[in-house]
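The lines below spell out each chain.
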2 protein chains.
Amino acid sequence: MNFINIDRKSRVSLSKQLYMYYKESVLNGNLKSNDKLPSTRELSKDLNIARNVVLDCYEQLIAEGYIYTKSGSGTYICEGVKFQQNKTKTETHFNKNECSIEKISFRTGIPDLDHIPIIKWAKIYKESILNIDVTQMDYQNSFGSYELRSQLSGYLERVRGVCTSPDHILITNGAAQAFSLLCQLVEEHEYALVENPISYGIIHTLKSNQVAMRPIRVDEYGMVTSELPKQSPKLIFTTPSHQFPTGVVLPINRRIEMIKYAQKHETYIVEDDYDSEFRFDGGPIPSMQYLDPQKVIYVGTFSKTLMPALRIGYMVLPDQLLHEIENIKYVADLHSPNFEQIALAKFIEIGLFDRHINKMRRLYLKKRNHLIQCLEKEFGERVTITGAQAGMHFVAAFKDVTFDEALMSKIGENNIEIIAMSKHYISDHSTSQIDNALIFGYGNTKTEQMEKGVRLLASIVLANSEDSE
Amino acid sequence: MNFINIDRKSRVSLSKQLYMYYKESVLNGNLKSNDKLPSTRELSKDLNIARNVVLDCYEQLIAEGYIYTKSGSGTYICEGVKFQQNKTKTETHFNKNECSIEKISFRTGIPDLDHIPIIKWAKIYKESILNIDVTQMDYQNSFGSYELRSQLSGYLERVRGVCTSPDHILITNGAAQAFSLLCQLVEEHEYALVENPISYGIIHTLKSNQVAMRPIRVDEYGMVTSELPKQSPKLIFTTPSHQFPTGVVLPINRRIEMIKYAQKHETYIVEDDYDSEFRFDGGPIPSMQYLDPQKVIYVGTFSKTLMPALRIGYMVLPDQLLHEIENIKYVADLHSPNFEQIALAKFIEIGLFDRHINKMRRLYLKKRNHLIQCLEKEFGERVTITGAQAGMHFVAAFKDVTFDEALMSKIGENNIEIIAMSKHYISDHSTSQIDNALIFGYGNTKTEQMEKGVRLLASIVLANSEDSE
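Computed from a prediction, not measured in an experiment: that's the story for all the values here.

Novice: Looking at this model, I keep getting lost on the interface of chain B and chain A. Mind explaining?
Specialist: Often the size quoted for an interface is simply the accessible area lost on bringing the parts together. Taken together, the contacts link 101 residues of chain B with 101 residues of chain A. For the pairing of chain B and chain A, the buried interface totals around 8,400 Å² over both sides, and the portion due to carbon and sulfur atoms is 59%. Among the residues of chain B in contact with chain A, Phe83, Met137 and Tyr139 of chain B are the three that bury the most area, contributing 8% of the side total. Taken together, chain B and chain A are joined by 2 salt bridges. Where chain B touches chain A, the interface holds 37 residue pairs in polar contact (both at pLDDT 80 or more).

Put into structure tokens, the structure is as follows:
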């Protein structure tokens, strides 16, 4: 007579209950190798359940290798199936997005999230997806959606002076992935030349990808191209249209010098053009890429012009790199998600993207002016602002202040999120760094917060400089 | 008197036309370094245009470094600004998705694209996105959407017996990215042990990431765990619930042996669980991960259960790897796109995902049976089918046939897309490979096409074996 505790009121099926019972008994050793199980007929009678229920359970146990049948003899427990399950309680971590209500943030590179055309976006996504062909739900080629690349090609030519075609564009998960993929072009004995300072995000990406880096100095006009080194770098990372973080525009003669250098050496220039659509005085500065599309890899992103959460960026590639980068992208993740690319193509096609850019440019100009006013009001002649002609950030240098770790953590403790200029230097570079400046991002900072934040900052900074006098 | 050809009817602004004229003249050398430009007053009079138009143009040229002003003296061309633009015509490549109307495809791992609930998907995306908080449009943490991880954690526990929490899940761009990220765990002197055969996608990923590989044999029960090597691998790649491509289920005693091996050595098991939701006889085989969540990295994807174009996959990670993999994902692309993750969370939450799986399981069962019928009709006793209990593919072995390159290309020329079993072996493995089998994927093959395809295949294969007799 067999007895197994079965709960007829449970939502778990009888067959599953039986299966769980046997599985546990086998794993914990209560049932031992080569022990014989009751016949299905016997068990169904003892437990007063349908024989099919027992059959289902036995079949599952056989499929998973817990039991086996010997024909004409019966069903037995397999060998080597006793095991103490590792029930180490897994730690729980709090990964939800941090609550940042209290913080006043001058983070750089964040667009004004209150002005994202999310209703239009959601509508266009739905409409576009309802109209796609089934082949669009399948795996796609590694370059990305042809529709998006067509639209983008037109846009980049029109607005950024980029010389391209849909076939030269590869869609990535944001510019961050573009940089990470490009790192794979650099062999162990090669190196990348990097503007110093540059965004610490790029420094982190190169470092994490084990790319050897050398810095090249940036002055008030951008990269000091007269200091381009004799030994050819594989890649040159530059931000010519809006140097990050200094905000300056690289003049045409230095651009030409860099291009000629790349032509002479086996070097590609990586032009990071992250936010130069937002230029306040005059038109946008044309890309460097148009001077020589075969020596420049142009990298752009929709994270600043539309929104970061989309993770859509792109590279415009020279012919010679098309195949290699396609393979690198394929290995990384086959291709980027397709549907939002299709929606974005539509968004550009019907003119919503251009309209959004124009609207945001006016908004950022207002915000920039307001933040400058706040700074001048609180700091007067002690503050000097540079690189404010474009984008969503500028540099503010403060007289007789050093933004060292102690001061920066004091600022952080007061719930002001801001980054010191010095953070964006390649750390092992021994030449002079600017240490009296902060980078003010204002894209997603509300005007009320600007006043409050700058006032608070003034009280911390001025108190600090009195302390040290 | 200055003369510049200006088209007053053009859509290009007068200022932009003037700017283009000067820019071209400077670059091509018609205007030389230190040549003096007319004053804005003079030029506006000569061309009969507003002085502001000239001012705008000069300002843009100054901003870009083409010209400079000497106060009290005038405006001059800068030095070093002559340059022959590289107008090498960039090649055009045809990257649009290939037209596959004529092909009969037995590709593996493609779900039935005609049955994707695309209308529901589009609706849920729109509804979800209209309701999100602005913080969801910002950069997110590298693990991915908390909503999706919560839903997924419940689903995996319920359906796959995975032992997890939202905090142990990291969202990737499909399983392909998961494998690529995991490669970075393997140092130069270490190696990965790989089931042989396994999907050639995994082989390609490991090879491209310079991971040293060693094969471990697969027999009719899956990995031959008694042959686990003395030298510890860093990772073991395995498909225990539905071995790819053989389709067999690894029995519990071998699972336990592999887990004990991993516990003894400094090894993690990568459990690739790509399609075992679709099991036709009995319930799905529970994951291996639940035996020891601290030694198994469980990898899954929505490419088979929902659709490939979404590029949503995931890893369930042991505590010890959380931080390292988070950093690797951050460097790769910061995080995966957020909105479709939010939509997918909703899709699971309201029960649509489970319903879809159940519907598709019934559909695939029908398709499988039909394809087996077709094969048996055409090949009779010459065909043996294995690994058909689950998923969207099975193995068909043919008596006295060798699927060598010549035969495979003959099949391809007849517009049949199918892959030989031998393709999925690690190539430098000298031990016996099965060379008389094809892998039939039937997920996205229409029933009419099956008949036609199998008949065509029979005519090629049978003619070929007669040739060689």
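Moving on from the model shown.
Novice: Sorry if this is basic, but what is going on with the nonpolar core here?
Specialist: One broad trend across soluble globular proteins is that nonpolar side chains are buried collectively. Formed by 144 residues in total, the largest nonpolar core has its most connected members in Phe339 and Phe440 of chain A together with Phe339 and Phe440 of chain B. Not counting residues up to four positions away in its chain, the partners in contact with Phe339 of chain A are Tyr125, Ile129, Ile132, Gln136 and Met137 of chain A together with Ile118, Trp121, Met307, Ala309, Leu310 and Glu340 of chain B.

Novice: Hey, could you run me through the domain arrangement of chain A in this one?
Specialist: The assigned domain composition of chain A is domain 1 (1-95), domain 2 (105-111 + 359-468) and domain 3 (116-354). Computed over C-alpha atoms, the centres of domain 1 of chain A and domain 3 of chain A are 57 Å apart.

Novice: I keep staring at the pairing of strand E10 (residues 268-272) of chain A and nothing clicks. Help me out?
Specialist: Moving residue by residue along a regular strand, the side chains alternate between the two faces of the sheet. All names here are of chain A. Counting buried residues along E10, 5 of its 5 residues qualify, which places the element largely inside the surrounding structure. Burial along E10 is two-sided: Tyr268, Val270 and Asp272 and Ile269 and Glu271, pointing in opposite directions, are all buried. Strand direction decides the pairing type here: strand E9 (residues 235-238) and E10, joined by 4 bridges, are parallel. Bridge pairing in E10 links Phe237 to Val270. Taken together, E9, helix H8 (residues 252-264) and E10 form a β-α-β motif whose crossover is right-handed. Two strands pair when backbone bridges link them, and E10 and strand E11 (residues 296-301) are joined in this way by 4 bridges, in the parallel orientation. Across the sheet, the residue bridging to Glu271 is Tyr298, located in E11.

Novice: Could you clarify how one ought to interpret the pattern of salt bridges in this entry?
Specialist: Where side chains of opposite charge bring their charged atoms close, a pairing between them can arise. Residues and elements named next belong to chain A. Scanning the entire structure with this criterion turns up 24 salt bridges over all chains. Residues Arg217 and Glu227 are paired through a salt bridge, measuring 2.6 Å at the closest nitrogen-oxygen approach. Of this pair, Arg217 sits in strand E7 (residues 212-219) while Glu227 is found in the loop between strand E8 (222-223) and E9, placing the two residues 10 residues apart along the sequence. Using a relative accessible area of 38% as the deciding quantity, one classes Arg217 as partly exposed. Residue class for Glu227 comes out partly exposed when judged on its relative accessible area of 38%.

Novice: What should I look at first to understand the relation of the copies chain B and chain A in this one?
Specialist: Mapping between the two chain copies consists of a rotation about an axis together with a translation along that axis. Rotating chain B by 180° and translating it 0.0 Å along the rotation axis places it on chain A, where the RMSD comes to 0.0 Å. Within this description, the copies of the chain are treated as partners about a two-fold rotation axis. Closest approach to the rotation axis within chain B is made by the C-alpha atom of Lys126 of chain B, at a distance of 3.1 Å. Residue by residue, 100% of the interface of chain B is reproduced at the interface of chain A, so both copies engage with the same surface.

Novice: How should a negative patch on the surface be read in this particular structure?
Specialist: A surface patch of negative charge is lined by Glu187, Glu188 and Glu324 of chain A together with Glu187, Glu188 and Glu324 of chain B. Summarising the element assignment, Glu324 of chain A is placed in helix H9 (residues 319-333). Judged by its relative accessible area of 38%, Glu324 of chain A falls in the partly exposed class.

Novice: Help me understand the confidence of the model for chain A, please; the structure alone is not making it clear to me.
Specialist: Predicted coordinates in regions of low pLDDT should not be interpreted in detail. Looking at chain A, pLDDT values average 92 and 95% of them are 70 or higher. Per the prediction output, this complex has pTM 0.93; the corresponding ipTM is 0.93.

Novice: Hey, could you run me through the packing of helix H1 (residues 14-27) of chain A against helix H3 (residues 51-63) of chain A in this one?
Specialist: Two quantities define a packed helix pair, namely the angle between the axes and the distance from one axis to the other. All names here are of chain A. In the contact formed by H1 and H3, the axes pass within 8 Å of each other and the chain directions differ by 45°. In terms of their interaxial angle, H1 and H3 are classed as oblique. The interaxial crossing formed by H1 with H3 has right-handed handedness. In this structure, H1 contributes Leu14, Ser15, Leu18, Tyr19, Tyr22 and Lys23 to the contact, and H3 contributes Val53, Val54, Asp56, Cys57, Tyr58, Gln60 and Leu61.

Novice: For this particular structure, what's the right way to read the sheet that holds strand E6 (residues 192-196) of chain B?
Specialist: Adjacent strands of a sheet form backbone hydrogen bonds with each other and so pair up, either parallel or antiparallel. All names here are of chain B. Strand order in the open sheet formed by 8 strands is E5-E12-E11-E10-E9-E6-E7-E8, with mixed pairing between adjacent strands. Two strands close off the open sheet at either side, each with one partner strand: strand E5 (169-172) and strand E8 (222-223). When E6 meets strand E7 (residues 213-219), the two strands line up parallel, connected through 5 bridges. In the strand pairing of E7, Glu195 is matched with Ile216.

Novice: I tried to follow H1 of chain A on my own but got confused; where do I start?
Specialist: Count 3.6 residues to each turn of an α-helix, and residues three or four apart come out pointing the same way. Here H1 of chain A contains 14 residues, and its C-alpha end-to-end distance of 20 Å stays within 8% of the 20 Å for a straight helix at 1.5 Å per residue. Residues of H1 of chain A that are buried: Ser15, Gln17, Leu18, Tyr19, Tyr22, Lys23, Ser25, Val26 and Leu27 of chain A. Of the surrounding elements, those touching the buried residues of H1 of chain A are strand E1 (36-37), helix H2 (40-47), H3 and strand E3 (74-77) of chain A together with helix H8 (252-264) of chain B. In the segment just after H1 of chain A, Gly29 of chain A is the residue with positive phi, at about 90°.

Novice: Sorry if this is basic, but what is going on with the packing of aromatic side chains here?
Specialist: Where two aromatic rings form a pair, the distance of their centres and the angle of their planes describe that pair. Counting across every chain of the model gives 31 aromatic pairs over all chains. Sitting over the face of the ring of Tyr200 of chain B, Lys423 of chain B holds its NZ or CZ atom 4.2 Å from the ring centroid.

Novice: Would you take a moment to explain empty space enclosed by the protein for this structure?
Specialist: A water-sized probe rolled over the atoms picks out the places where empty space is left. Applying the stated criterion across every chain, the model contains 5 cavities of 30 Å³ or more. Approximately 50 Å³ is the volume attributed to the largest cavity. Lys23, Glu64 and Tyr66 of chain A together with Leu250, Ile252, Arg255, Ile285, Pro286, Ser287, Met288, Tyr290 and Leu291 of chain B are the residues that line the largest cavity. Taken together, the residues of the lining of the largest cavity break down into 8 nonpolar, 1 polar and 3 charged.

Novice: Would you mind going over the state of the cysteines with me for this structure?
Specialist: One way to say it: the disulfide is the covalent bond shared by the sulfur atoms of two cysteines. One pass over the structure, following the stated rule, counts 0 disulfides over all chains. In this structure Cys183 of chain B is a free cysteine whose sulfur lies 17 Å from that of Cys183 of chain A, the closest cysteine sulfur available.

Novice: Could you clarify how one ought to interpret the side chain of Lys295 of chain A in this entry?
Specialist: All names here are of chain A. Relative to the assigned elements, Lys295 resides in the loop between E10 and E11. Glu266 provides the closest opposite charge to the buried, salt-bridge-free Lys295, at an N-O distance of 5.2 Å. Among residues more than four places away in sequence, those in contact with Lys295 are Ala262, Gln263, His265, Thr267, Tyr268 and Ile269.

Novice: Just to check I follow, could you spell out helix H10 (residues 339-349) of chain A for this structure?
Specialist: Within H10 of chain A, 9 of the 11 residues are buried, which leaves the element mostly enclosed by the surrounding structure. Taken together, the buried residues of H10 of chain A touch helix H4 (118-130), helix H5 (146-160), strand E5 (169-172) and helix H11 (352-379) of chain A together with helix H4 (118-130) and helix H10 (339-349) of chain B. Positioned one or two residues after H10 of chain A, Gly351 of chain A has a phi angle of 90°, which is positive.

Novice: What exactly am I supposed to notice about the environment of Thr238 of chain B here?
Specialist: Residues and elements named next belong to chain B. Topologically, Thr238 is positioned in strand E9 (residues 235-238). Residues Thr238 and Asp273, spaced 35 residues apart in sequence, show a C-alpha to C-alpha distance of 8.8 Å. If we skip the residues at most four places from it in the chain, Thr238 touches Glu195, Met223, Met258, Ile269, Val270, Glu271 and Asp272.

Novice: Would you take a moment to explain the sheet that holds strand E14 (residues 393-398) of chain A for this structure?
Specialist: All names here are of chain A. Pairing is antiparallel across the open sheet formed by 4 strands, whose spatial order is E13-E14-E17-E16. In this open sheet, the two strands that pair with only one neighbour each are strand E13 (383-386) and strand E16 (419-420). Relative to strand E17 (residues 437-441), E14 is paired through 5 bridges, and the arrangement is antiparallel. Bridge pairing links Val395 to Ile439 in E17.

Novice: What should I look at first to understand the packing of helix H6 (residues 174-183) of chain B against helix H7 (residues 200-208) of chain B in this one?
Specialist: Residues and elements named next belong to chain B. Relative to each other, H6 and H7 sit at 35°, their axes nearing to 9 Å. Of the two elements, H6 crosses H7, and the hand of that crossing is right-handed. On H7, the residues touching Phe179, Ser180 and Cys183 of H6 are Ile202, Thr205 and Leu206. Residues of the contact of H6 with H7, tallied by class, amount to 4 nonpolar, 2 polar and no charged.

Novice: I would appreciate a short explanation of unusual backbone geometry in the present structure.
Specialist: In terms of backbone geometry, most residues other than glycine have negative phi values and most peptide bonds are trans. Cis geometry is found at the peptide bond from Asn196 of chain B to Pro197 of chain B, where omega equals 5°. Along the polypeptide, Pro197 of chain B turns up in the loop between E6 and H7. If you check the backbone angles, Asn34 of chain A has positive phi at about 70° while not being a glycine. With respect to the secondary-structure elements, Asn34 of chain A resides in the loop between H1 and E1. On the accessibility criterion, Asn34 of chain A (37% relative accessible area) is partly exposed. Phi is positive for Gln210 of chain A, close to 55°, though the residue is something other than glycine. Relative to the helices and strands, Gln210 of chain A is located in the loop between helix H7 (200-208) and E7. Relative accessible area serves as the criterion here: at 69%, Gln210 of chain A is assigned to the exposed category.

Criteria and cut-off values
- Residues numbered from 1 in each chain as written.
- Chains lettered and ligands numbered in written order.
- Predicted model: local features only at pLDDT ≥ 70, side-chain atom pairs only at ≥ 80, totals over all residues.
- Heavy atoms only, no water.
- Contact = heavy atoms within 4.5 Å.
- Buried area = accessible area lost by both parts, 1.4 Å probe.
- Salt bridge = Lys/Arg side-chain N within 4 Å of Asp/Glu carboxyl O.
- Polar contact = N/O pair within 3.5 Å; in protein donor to acceptor, adjacent residues only side chain to side chain.
- Core = buried A, V, L, I, M, F, W, Y, C linked by side-chain atoms within 4.5 Å.
- Buried < 20%, exposed > 50% of the residue type's maximum accessible area, 1.4 Å probe, protein only.
- Domains from an automatic or database assignment.
- Helix = DSSP H or I, 4+ residues; strand = E, 2+ residues; numbered from the N terminus.
- Pairing = 2+ DSSP bridges.
- Right-handed = clockwise from strand over helix to strand, strands pointing away.
- Least-squares fit on C-alpha atoms with pLDDT ≥ 70 in both.
- Patch = residues over 30% accessible without salt bridge, like charges linked within 9 Å, V, L, I, M, F, W, Y side chains within 5 Å.
- Areas by Shrake-Rupley, 256 points an atom, 1.4 Å probe, with all protein chains shown as cover.
- Lys, Arg positive; Asp, Glu negative; His and termini not counted.
- Charge placed at Lys NZ, Arg CZ, Asp CG, Glu CD.
- pLDDT = per-residue confidence, 0-100.
- Axes fitted to C-alpha atoms, helices over the stretch in contact; angles between N-to-C directions.
- Parallel < 35°, antiparallel > 145°, perpendicular 65-115°, else oblique.
- Left-handed = near helix turned anticlockwise from the far one by under 90°.
- Expected span 1.5 Å × (residues − 1).
- Phe/Tyr/Trp six-rings, centres within 6.5 Å; stacked < 30°, edge-to-face > 60°.
- Lys NZ or Arg CZ within 6 Å of the ring centre and 35° of its normal.
- 1 Å grid on protein atoms, 1.4 Å probe; cavity = no way out; pocket = protein on both sides within 12 Å on 5 of 7 lines; lining within 4 Å.
- Points joined across faces, edges and corners; volume = space filled by probe spheres on them.
- Nonpolar A, V, L, I, M, F, W, Y, C, P; charged D, E, K, R; others polar.
- Disulfide = S-S within 2.5 Å.

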